[in-house]
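Now for the letters of each chain:
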There are 2 protein chains.
Amino acid sequence: MEQVSAQNNLVIAVDAMGGDNSPRIVIEGLALAAEKNPDVRFLVYGNEDAVYEELKRFPALQKVSQLFHSPEVVHNEDKPSQVIRNKNTSMYQAIDAVRSGQAQAVVSAGNTGALMAISKMLLKTIQKIHRPAIVSIMPHRYGRYVMLDLGANTECNAVNLAEFAVMGNVMAKHALGLEHPRIALLNIGTEEMKGKEEIHHAAQMLRSANMDINFIGYIEPHEIAFGKADVIVADGFTGNVALKSIEGTAKLIRSMIKDSVKESWLAIMGLPFMYFAAKKISATMNPKLYNGAMFVGLNGLSVKSHGGADGFSYSVAVNNAAKLVRQNFVPTIRAELENIDLEEISQDIFYEVY
Amino acid sequence: MEQVSAQNNLVIAVDAMGGDNSPRIVIEGLALAAEKNPDVRFLVYGNEDAVYEELKRFPALQKVSQLFHSPEVVHNEDKPSQVIRNKNTSMYQAIDAVRSGQAQAVVSAGNTGALMAISKMLLKTIQKIHRPAIVSIMPHRYGRYVMLDLGANTECNAVNLAEFAVMGNVMAKHALGLEHPRIALLNIGTEEMKGKEEIHHAAQMLRSANMDINFIGYIEPHEIAFGKADVIVADGFTGNVALKSIEGTAKLIRSMIKDSVKESWLAIMGLPFMYFAAKKISATMNPKLYNGAMFVGLNGLSVKSHGGADGFSYSVAVNNAAKLVRQNFVPTIRAELENIDLEEISQDIFYEVY
């Protein structure tokens with residue numbers, strides 16, 4: 001096993017034990033990510049024997065990886081309050097590598113609540129941010145969009161939502177390459193006074209002259225899929241409901257198409273004709289291409305892969321982490337926030353209104 | 001024009017001017033509904049000339065309809081606070097026919113907020129109900145489910161949610177023909193303490209021994225599509241977000257399939273092979289089959305058709321209204337609620353917990 005030297009400019013810590021088929025899937029994902037990112041080195045945390053068994057199958061990956069033995073594992077049913085006290089898990093140790101500066105990002109396919117709790121405790125929230133958020137990139141009809149919060153904060157006030165908008169703006173610039181991403185607040189109507197008070201207040205803040213943001217107003221959930229906005233901002237409860245409703249519907253339709261084709265010999269004969277059309281849809285909608293939710297608002301990048309990811313989709317999460325590190329994602333968010341005082345904007349609006 | 005006599009046991013009032021292509025679509029829908037429901041008579045409100053122009057195309061419908069001239073129309077941009085004061089609109093007058101006992105249900109494809117506001121004012125909330133809700137029936141993988149509230153109440157407390165569960169239970173028994181519908185609260189996790197406090201409190205109420213309800217706990221949005229529950233209960237904001245996310249995704253996938261097939265001559269050649277498979281999916285998922293959201297919790301049935309409905313899907317909304325009147329839907333809800341005191345259950349739980 002090579003020693004990962006300090007001169008390697010991009011180091012990612014990996015919780016090899018998180019996810020449904022770990023460490024096998026994790027190592028397969030790293031092998032693919034290593035091919036795509038020759039500048040990245042990996043610090044791999046997990047059961048030494050089990051991980052080595054997988055790692056030795058990929059000599060090229062082995063060369064850029066350093067394996068650390070973590071005696072314990074975070075389980076899906078573990079509570080955040082327990083896991084933050086156990087320093088022996090692979091998840092804790094991988095995150096701690098970012099805290100200590102050995103790595104610039106951490107990737108885990110383990111328990112989301114645990115990953116959030118440990119990341120928050122070890123990496124700490126960026127000074128001006130009140131609440132970190134879970135963010136992800138998803139496909140719409142004509143491209144991709146950034147959505148947050150996807151579940152870190154059940155209840156949010158207007159300042160929280162405005163902070164999410166600022167972070168989403170940076171994310172869309174970096175990850176989608178947009179100069180002026182269109183930012184929208186998720187709501188159940190587009191009229192001024194529809195929906196909840198905190199959303200109205202956040203809209204007022206985002207319209208403030210002090211905000212360097214392309215705020216386009218409210219977006220309704222059925223408009224998301226058609227590319228009306230580049231960044232969708234919601235509280236964690238609402239964002240999670242929208243995300244899971246979208247995922248469930250896509251899964252339902254996929255399974256219905258599969259079943260009804262299977263049950264008809266005529267349709268089976270037609271399948272070859274559909275090959276290129278199906279491939280095209282899959283190239284846009286394939287959920288494997290969108291793996292990797294990020295915790296934003298922390299002093300360090302913490303990336304959550306889907307627990308049921310396969311090797312390819314795990315590699316997508318790792319690639320995304322590498323990309324955001326290269327683009328100085330965290331320092332940019334910090335810098336953007338230094339120029340604006342959301343609390344002050346909120347106070348100004350509050351006094352104007354009442 | 002025949003006089004609709006009092007001996008006709010089922011009378012439905014219709015706002016002929018609501019919706020995108022009214023009154024044409026409305027009258028086409030009524031004609032289809034009349035064929036299916038020979039026992040139903042219609043009181044049709046709208047611009048007399050415009051409605052008559054359409055009505056005369058359907059002599060059979062004409063025989064069971066009475067036309068009333070309403071000089072004004074509710075527009076999509078009208079505010080609820082305005083429309084409740086204008087007694088001259090077709091929507092107001094159609095709802096008023098239910099209030100006065102001339103009709104047992106009203107159907108409109110007009111402005112939802114206006115329909116809710118006028119219905120609430122004229123029909124009044126059932127005595128024990130604090131808040132009426134918008135409810136709809138939708139398809140899942142293996143059948144159909146009832147979901148409420150879909151947008152009438154942005155914020156709800158635990159008692160509101162429990163009331164929705166009771167009403168949804170009656171709805172599922174009547175409309176889906178289930179003896180013990182499985183009731184679930186929509187949440188972002190299935191663990192006890194996930195999500196919001198009012199949801200936890202509502203869950204405690206629904207587990208109470210005094211409730212004659214088959215409560216199965218929390219459901220996550222992606223599980224809805226796979227038939228885990230027969231009744232999904234949520235506050236109006238969350239329910240609306242889930243509904244519109246589901247609709248938007250289904251629409252996205254439909255449009256992507258259409259486009260990618262259109263762009264490939266090979267796929268076009270394969271289309272005939274797919275005919276029966278596509279027909280089967282459409283028989284389950286066709287949104288036209290699920291038209292008609294109802295306001296429940298009122299002393300009378302008020303049904304909202306989609307504004308963009310075509311004649312067939314408008315007729316589905318009318319058929320549903322007729323079916324629920326025949327099944328004594330409103331009196332059953334009233335009777336079910338007489339046997340339980342949700343406020344008391346809520347108080348009991350509150351004292352137990354604190």
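Residues numbered from 1 in each chain as written. Chains lettered and ligands numbered in written order. Predicted model: local features only at pLDDT ≥ 70, side-chain atom pairs only at ≥ 80, totals over all residues.

Asks: Any details on the overall build of chain A? Residues and values, ideally.
Replies: Across its full length, chain A holds 14 helices and 11 strands. Here chain A has a C-alpha radius of gyration of 21 Å; the compact-globule value for 354 residues is 20 Å, and the two agree. Taking all 354 residues of chain A together, 52% fall into the buried category. Summarising the internal contacts of chain A: among those between residues at least 6 apart in sequence, 73% fall at separations of at least 24. (Helix = DSSP H or I, 4+ residues; strand = E, 2+ residues; numbered from the N terminus. Rg over C-alpha atoms; globule rule 2.2 N^0.38 Å. Buried ≥ 20, exposed ≤ 12 C-beta atoms within 10 Å, placed from the backbone. Contact = placed C-beta atoms within 7 Å.)

Asks: Describe the sheet that holds strand β9 (residues 231-233) of chain B, and please don't skip the residues or the numbers.
Replies: Residue and element names in this part refer to chain B. The 11 strands are arranged β3-β2-β1-β4-β11-β10-β5-β6-β9-β7-β8 in an open sheet whose pairing can be described as mixed. Bordering the open sheet on either side are β3 (65-69) and β8 (214-219), each of which pairs with just one other strand. Shown here is a sheet whose adjacent strand axes are inclined to one another by a mean of 25°, direction ignored. Relative to strand β11 (residues 301-304), strand β10 (residues 293-296) runs antiparallel, the two sharing 3 bridges. Across the sheet, the residue bridging to F295 is S302, located in β11. (Pairing = 2+ DSSP bridges. Axes fitted to C-alpha atoms, helices over the stretch in contact; angles between N-to-C directions.)

Asks: Quick one: what's the story with the domain arrangement of chain A, residue by residue and with numbers?
Replies: Residue and element names in this part refer to chain A. Domain boundaries in chain A define domain 1 (1-129 + 297-330) and domain 2 (130-288). In this assembly, 13 residues from domain 1 lie in contact with 11 residues from domain 2. For the side of domain 1 that touches domain 2, the elements supplying multiple residues, two or more each, are α6 (112-123) and α12 (311-326). Considering every element that reaches the side of domain 1 that touches domain 2, the biggest residue donor is α12, with 4 residues. Looking at the side of domain 1 that touches domain 2 residue by residue, the class counts come to 7 nonpolar, 4 polar and 2 charged. (Domains from an automatic or database assignment. Nonpolar A, V, L, I, M, F, W, Y, C, P; charged D, E, K, R; others polar.)

Asks: Outline the nonpolar core, listing residues and values.
Replies: I12, V14 and V233 of chain A together with I12, V14 and V233 of chain B are the most contacted members of the largest nonpolar core, which totals 229 residues. Among residues more than four places away in sequence, those in contact with I12 of chain A are V40, F42, A103, A105, V107, V318, A321 and A322 of chain A. (Core = buried A, V, L, I, M, F, W, Y, C linked by C-beta atoms within 7 Å.)

Asks: Could you give an account of the sheet that holds strand β11 (residues 301-304) of chain A, with specific residues and numbers?
Replies: Residues and elements named next belong to chain A. An order of β3-β2-β1-β4-β11-β10-β5-β6-β9-β7-β8 is seen for the 11 strands of this open sheet, with the pairing classed as mixed. Edge positions in the open sheet fall to β3 (65-69) and β8 (214-219), since each of these has one partner strand only. With strand direction ignored, the average angle separating the axes of adjacent strands in the sheet is 25°. With 4 bridges joining them, strand β4 (residues 105-108) and β11 adopt parallel strand pairing. Bridge pairing in β11 places S108 opposite K304.

Asks: So what's going on with the pairing of strand β1 (residues 10-15) of chain A? Residues and values would help.
Replies: Consecutive side chains along a regular strand alternate between the two faces of the sheet. Residue and element names in this part refer to chain A. Summarising burial for β1: 5 of the 6 residues are buried, a large majority. Here β1 pairs with strand β2 (residues 40-46) via 6 bridges, running parallel. Bridging from a neighbouring strand, V11 pairs with R41 of β2. With helix α1 (residues 24-36) bridging β1 and its parallel neighbour β2, the resulting β-α-β unit is right-handed. With 4 bridges connecting them, β1 and β4 associate as parallel partners. (Right-handed = clockwise from strand over helix to strand, strands pointing away.)

Asks: Please provide a residue-by-residue account of the packing of helix α7 (residues 158-176) of chain B against helix α8 (residues 197-207) of chain B, values included.
Replies: Residue and element names in this part refer to chain B. Orientation of α7 relative to α8, taken along the N-to-C sense of each, is 50°, at an axis distance of 8 Å. Judged on the interaxial angle alone, α8 and α7 are oblique. For the element pair α7 and α8, the recorded crossing hand is right-handed. On α8, the residues touching A158, L161, A162 and A165 of α7 are E198, I199, H201, A202, M205 and L206. Class assignment of the residues belonging to the contact of α7 with α8 gives a composition of 8 nonpolar, 1 polar and 1 charged. (Parallel < 35°, antiparallel > 145°, perpendicular 65-115°, else oblique. Left-handed = near helix turned anticlockwise from the far one by under 90°.)

Asks: Could you give me a rundown of the packing of helix α5 (residues 90-99) of chain A against α6 of chain A, with the residues and numbers involved?
Replies: Residues and elements named next belong to chain A. One way to put it is that α5 packs onto α6 with a least axis distance of 9 Å and a crossing angle of 30°. The handedness of the crossing between α5 and α6 comes out as right-handed. Seen from α5, the contacting residues are M91, Y92, I95, D96, V98 and R99; seen from α6, they are A114, L115, I118, S119, L122 and L123. Residues of the contact of α5 with α6, tallied by class, amount to 9 nonpolar, 1 polar and 2 charged.

Asks: Describe the environment of I137 of chain B, listing the residues and the values that go with them.
Replies: Residue and element names in this part refer to chain B. Position of I137 among the secondary structure elements: in strand β5 (residues 133-140). I137 gets classed as partly exposed once you count the C-beta atoms within 10 Å, which come to 19. Remark: the alpha-carbon pair of I137 and I84, spanning 53 residues in sequence, is separated by 28 Å. Sequence-distant contacts of I137, that is, excluding residues within four places in its chain, are made with R144, V146, A175 and Y290.

Asks: Please provide a residue-by-residue account of unusual backbone geometry, values included.
Replies: Cis geometry is adopted by the peptide bond preceding D149 of chain A, which originates at L148 of chain A and carries an omega value of -5°. Positionally, D149 of chain A belongs in the loop between β6 (143-148) and α7 (158-176). Of the consecutive residues S22 of chain B and P23 of chain B, the connecting peptide bond is found in the cis state with omega at -5°. Tracing the sequence through the fold places P23 of chain B in the loop between β1 (10-15) and α1 (24-36). With phi around 65°, K124 of chain A is a residue other than glycine that occupies positive phi space.

Asks: With reference to specific residues and values, describe helix α8 (residues 197-206) of chain A.
Replies: Residues I199, A202, A203, M205 and L206 of chain A constitute the buried set of α8 of chain A. Take α8 of chain A and look down its axis: the buried residues cluster within an arc of 160°, on one side only. (Arc of directions from axis to C-beta.)

Asks: So, helix α5 (residues 90-99) of chain B: which residues are in play, and what are the values?
Replies: Residue and element names in this part refer to chain B. Burial of α5 is extensive: 8 of the 10 residues sit out of reach of the surface. In the core, the buried residues of α5 are packed alongside β1, β2 (40-46), β3, β4 (105-108), α6 (112-123) and β11. Looking at the residues trailing α5, positive phi occurs at G101, about 90°.

Asks: A description of the confidence of the model for chain A should follow, citing residues and the corresponding values.
Replies: When pLDDT is averaged along chain A, the result is 89, and 92% of the positions lie at 70 or above. Across residues 1-7 of chain A, confidence stays below pLDDT 50; counting only partners more than four residues off in sequence or on other chains, it has 9 contacts. (pLDDT = per-residue confidence, 0-100.)

Asks: Break down the pairing of strand β7 (residues 182-186) of chain B for me, citing the residues and quoting the values.
Replies: Residue and element names in this part refer to chain B. Extensive coverage of β7 is indicated by the burial of 5 of its 5 residues. As paired elements, β7 and β8 share 5 bridges and run parallel to each other. Across the sheet, residue I183 finds its bridge partner in β8, namely F215. Read from β7 through α8 to β8, the crossover connection turns out right-handed.

Asks: Give a description of the environment of Q93 of chain A that names residues and reports values.
Replies: Residues and elements named next belong to chain A. Relative to the elements of secondary structure, Q93 occurs in helix α5. With 22 C-beta atoms counted inside 10 Å, the residue Q93 sits in the buried group. Distance from Q93 to A13, taken between C-alpha atoms, is 8.8 Å for residues 80 residues apart in sequence. Discounting chain neighbours no more than four positions away, the residues touching Q93 are Y45, F68 and S70.

Asks: Can you explain the environment of V26 of chain A? Please cite residues and give values.
Replies: All names here are of chain A. Tracing the backbone through its elements, the reader meets V26 in helix α1. Assessed through the 31 C-beta atoms surrounding it within 10 Å, V26 is described here as buried. Each C-alpha atom of the pair V26 and E54 lies 9.2 Å from the other, and the pair is 28 residues apart in sequence.

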